[in-house]
Amino acid sequence: MNRPIPRRTLLVNGALGVLLLGGAGAAYLSLSDDGSDASAATRTTRVQRGTVSSSVSASGSVESSRTRSLSFTASGTVTKIYVKAGKKVAAGTVLARLDSTEAQESLAEAKANLTVAESGDTTSDKGYASYLQARNAYNSALRTYNGTVLRAPIAGTITAVNGTVGGSSGGSGGSSSSGGSSSSGGSGSSSSSGSTSTSSSSGSGFIEMADTSKMQITGNFTEADTTKLKNGQAATVSFDALTGKTATGKVVEVGLSPTTTDNVVKYPVTISLTKVPSGVRLGQTATVEVSVAKAEDVLYVPTAAVRTAGGQSTVTVVKDGKRSTVQVEVGVKGDQGTEITSGLQEGDEVVLTSTSAGGTSGQTGLRGGAGLGGGMPGGGMPGGGAPGGGRR
């Protein structure tokens, strides 16, 4: 026998049904809204006129664009070191010396032999050959003597001293461009800076030096950003250790040999600093921002207002409280704004949007709500499902 349902239970279930139907109806009306009255809940902005710029950035460290790795061109024991790391020197400054006793003796002997050869008969083949042999021996002895003195080939700052007094010269003796090749006199004053190369300041010479008046930064840019870079582009540099200080520069070299880290391909790009603030030191970490495109006195909107699909760009315009989609032509796509070359006028009100996995918020965010509605069990409402669940 069926037992009658208590009246109180019927009243409660009826009230719940009314509330559920009311909520479903409200959701349906919201999902059916064309968005014309939703501007109050959506951020908008005006089309403005101004400058749009685009830039790419990378990090690197400050280095000198002109460095020297210096070594003695003679072998021997170090007797004097006149500099230490951090000292600024002028071109031609004597930096270090070797024991030159043996070199002086050999030079004196070679000079005497050359004097004899010059005073002999140089008209005959044999006499001229003797003279050439004596002259070559003298020049060789002079180069060896000059190689016992290490001089600064450029003005700059000493960045490292890799030898000690009493130690070995460490000279390679392989420099063929030693400055003492002149046969005039025995003063030894012609430059004898040893082997000088344009390697980095982390070289292996007896003394390392760099011209701190010529600084540069090499940053590793992604392959996509590298395609936008070319020599002469302006750059701005900020320094991690110098808050509020910036330097200016320009691109001087776009490298051709990439490196790959974590499957990301990057290319080295060198930026020469043209204006350096005080306090900047070699080795400091810096961030380089290179301007790759710029448009002045143009119409623009925030980049968040532009949607691009299938090669076409559109924006949502609000006029008289109603929205409409307008196709636009874009120019420079800047870091914060995008140039509009046609389709809008200055002062037009446009909707700011943001792209997400479910679409564009403000426009398609309601569709995301429909998806949530569709997730309700079909039996939860009379008729077999929520209206939103059937919308696609």
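In the block above lies the structure referred to throughout.
For clarity, every value in this text was computed on a predicted model and none was experimentally measured. (Residues numbered from 1 in each chain as written. Predicted model: local features only at pLDDT ≥ 70, side-chain atom pairs only at ≥ 80, totals over all residues. Heavy atoms only, no water.)

Draft legend 1. Looking closely at the nonpolar core. Of all hydrophobic cores here, the largest spans 21 residues; its most connected members are Phe-221, Val-237, Phe-239, Ile-271, Val-288 and Val-290. Apart from residues no more than four positions distant in its own chain, Val-288 is found in contact with Val-56, Ser-57, Ala-58, Ile-217, Phe-221, Ala-235, Thr-236, Val-237 and Ile-271. Counting residues in hydrophobic clusters, the runner-up holds 16 residues, among them Phe-72, Ile-154, Phe-206 and Met-209. (Core = buried A, V, L, I, M, F, W, Y, C linked by side-chain atoms within 4.5 Å. Buried < 20%, exposed > 50% of the residue type's maximum accessible area, 1.4 Å probe, protein only. Contact = heavy atoms within 4.5 Å.)

Draft legend 2. Inspection of the pattern of salt bridges at higher detail. This structure, assessed with the given rule, holds four salt bridges. Residue Asp-297 pairs with Arg-49 through a salt bridge whose shortest N-O separation is 3.8 Å. Pair noted here: Asp-297 is in strand 16 (residues 285-302) and Arg-49 is in strand 2 (residues 48-64), with a separation of 248 residues, a long-range link. The exposure class of Arg-49 is partly exposed, given its relative accessible area of 42%. With a closest N to O distance of 2.9 Å, Arg-66 and Asp-211 form a salt bridge. With a gap of 145 residues between them, Arg-66 in the loop between strand 2 and strand 3 (67-71) and Asp-211 in the loop between strand 10 (207-210) and strand 11 (215-222) connect regions that are remote in the sequence. Classification of Arg-66 by relative accessible area gives partly exposed; the value is 29%. On the basis of relative accessible area, Asp-211 is assigned to the buried category, the value being 6%. (Salt bridge = Lys/Arg side-chain N within 4 Å of Asp/Glu carboxyl O. Helix = DSSP H or I, 4+ residues; strand = E, 2+ residues; numbered from the N terminus.)

Draft legend 3. Highlighting the side chain of Gln-284. Along the polypeptide, Gln-284 turns up in the loop between strand 15 (264-275) and strand 16. Among the residues examined, Gln-284 registers a relative accessible area of 14% and is labelled buried. In this structure the side chain of Gln-284 is engaged in a polar contact, spanning 2.9 Å, whose partner is the backbone nitrogen of Arg-281. (Polar contact = N/O pair within 3.5 Å; in protein donor to acceptor, adjacent residues only side chain to side chain.)

Draft legend 4. Local environment of the packing of aromatic side chains. Applying the stated criterion across every chain, the model contains two aromatic pairs. Summarising the aromatic geometry, the rings of Phe-72 and Phe-206 are spaced 5.1 Å apart at their centres and angled 65° between planes, so their arrangement reads as edge-to-face. Separated by 134 residues along the polypeptide, Phe-72 in the loop between strand 3 and strand 4 (78-81) and Phe-206 in the loop between strand 9 (195-197) and strand 10 bring together distant segments of the chain. Here Phe-72 and Phe-206 have matching classes, each one buried. Summarising the aromatic geometry, the rings of Tyr-128 and Tyr-131 are spaced 6.1 Å apart at their centres and angled 35° between planes, so their arrangement reads as tilted. One end of the pair is Tyr-128 and the other is Tyr-131, both in helix 3 (residues 125-146) and three residues apart, which spans about a single turn. The class for Tyr-128 is partly exposed, based on a relative accessible area of 43%. On the accessibility criterion, Tyr-131 (17% relative accessible area) is buried. (Phe/Tyr/Trp six-rings, centres within 6.5 Å; stacked < 30°, edge-to-face > 60°.)

Distances and angles like these do not, on their own, reveal function.
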